[in-house]
Amino acid sequence: YKFYIKIVQKTNKILIFLIPIFFGLPEISISLPIVNLRVDDIIVFALFLINIRFFRKSFFTPSRFYFILRLLLVLIMLSTLYALLIGNELSSYEITKTIGSLPYLLVFPFIFSQNKYRNIFLNASLIGFIIFIYGIYSNYTAASLLSESLTKSGQLKNEMSFSTLNPNSVSLISLIFSFFL
């Protein structure tokens, strides 16, 4: 059992280090019929599956933060149930997006609640930030070459933005991180 725990901890450290790096590379994704699955999403799902037995313990601990997460989870389930009961048909994209956000509610509090994992994540975030800024600069450079054909600011925004980056992921990570500062 101790050997299993050590392997899980080493795997966690590697995967936690990779999340912000691949978050800084949002164009690397697998295009599925329903959604674009980014590498950082796959890593979060892997962390979720590897640590599911530890989440049960931490998720049900009496703390204000986990109370908020439990409340968010209940609200997600109630809103989905309400939409189904009143006859709104949920698209496969909406269902996939809802199910896909659930591991984030468990993985990021797990990362930020432990100093060793939080420090790894913060250090990797610096690298991911540099990669992300370089990507924006590259997109800006490419867009400025097309400046003759870009007549509106919306066109410039579309040229510079990453097509696979979900703003909800950014805001969820930011919200969870702010609780631990």
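Reference entry: report on the structure contained in this document. The structure presented is a predicted model; accordingly, all values stated were derived computationally and were not measured. Counting restarts for each chain, with residues numbered from 1 along the sequence as it is written. Local features in this predicted model are restricted to residues whose pLDDT is 70 or higher, and side-chain atom pairs enter the listing and the counts only when it is 80 or higher, whereas totals over whole chains, interfaces and linings include all residues. As a convention, hydrogens and water are excluded, and side-chain values are obtained from all of the structure's heavy atoms.

**Quick look at the packing of aromatic side chains**
Here a Phe, Tyr or Trp ring, Trp counted by its six-membered ring, pairs with any other such ring whose centre lies within 6.5 Å, and the pair is stacked when the planes are under 30 degrees apart, edge-to-face when over 60, and tilted otherwise. In this structure the tally under the stated criterion is zero aromatic pairs. The rule is short: NZ of Lys or CZ of Arg within 6 Å of the ring centre and within 35 degrees of the ring normal puts a charge over the ring. In this structure, Lys116 is placed above the aromatic ring of Tyr117, and the distance from its NZ or CZ to the ring centre is 5.1 Å.

**Considering a nonpolar patch on the surface**
A cluster of nonpolar side chains, contributed by Phe67, Leu71, Leu72, Val74, Leu75, Met77, Leu78, Leu81 and Leu85, occupies part of the molecular surface with about 860 Å² of accessible area. Mapped onto the fold, Leu78 is located in helix H4 (residues 64–85). What makes a patch is a set of residues exposed beyond 30% relative accessible area and free of salt bridges, joined within 9 Å when like-charged and within 5 Å when nonpolar (Val, Leu, Ile, Met, Phe, Trp, Tyr). What sets the accessible areas is the Shrake-Rupley method with a 1.4 Å probe; for residues, cover comes only from the shown protein chains. Salt bridges are counted wherever a side-chain nitrogen of Lys or Arg sits within 4 Å of a carboxyl oxygen of Asp or Glu. Secondary structure elements follow DSSP: runs of H or I no shorter than four residues count as helices, runs of E no shorter than two count as strands, and numbering proceeds from the N terminus.

**Let's talk about the side chain of Asn12**
Mapped onto the secondary structure, Asn12 falls in helix H1 (residues 2–23). Polar contact is the term for a pair of N or O atoms within 3.5 Å; when the atoms are in protein, one must be able to donate a hydrogen and the other to accept it, and sequence-neighboring residues count only if both atoms are side-chain atoms. At 3.2 Å, the side chain of Asn12 forms a polar contact with the side chain of Tyr117. In this analysis, two residues are considered to be in contact whenever any of their non-hydrogen atoms come within 4.5 Å of each other. Excluding anything up to four places from it in sequence, Asn12 contacts Leu47, Ile50, Asn51, Phe110 and Tyr117.

**Quick notes on the pattern of salt bridges**
Inspection of every chain in the model, using the stated rule, returns two salt bridges. Here Asp40 ties to Arg38 by a salt bridge, and the two come within 2.9 Å at their closest N and O atoms. Notably, a salt bridge pairs Arg38 with Asp41, separated by 3.6 Å at the nearest N-O pair. Under the scheme applied here, a residue whose accessible area is under 20% of the maximum for its type counts as buried, over 50% as exposed, and between as partly exposed, the area being computed with a 1.4 Å probe on protein chains only. Looking at Arg38, the relative accessible area reads 3%, which means it is buried. Each of Arg38, Asp40 and Asp41 takes part in a single network of salt bridges with overlapping partners.

**Concerning the nonpolar core**
If you look at soluble globular proteins, the nonpolar side chains tend to sit buried side by side. Among the nonpolar cores identified, the biggest contains 21 residues, and Ile16, Ile19, Leu47, Val107, Phe108, Ile111 and Phe121 are the most heavily contacted of them. Put simply, the parts of the chain that give this core at least two residues each are H1, helix H2 (39–50), helix H3 (52–59), helix H5 (92–112) and helix H6 (115–145). The dominant element in this core, judged by the number of residues it contributes, is H5, at seven residues. Once residues lying within four places of it in the same chain are set aside, the contact partners of Ile111 are Ile16, Ile19, Leu47, Tyr117, Arg118 and Phe121. As used here, the term nonpolar core means buried Ala, Val, Leu, Ile, Met, Phe, Trp, Tyr and Cys residues forming a set that is joined through side-chain atoms within 4.5 Å.

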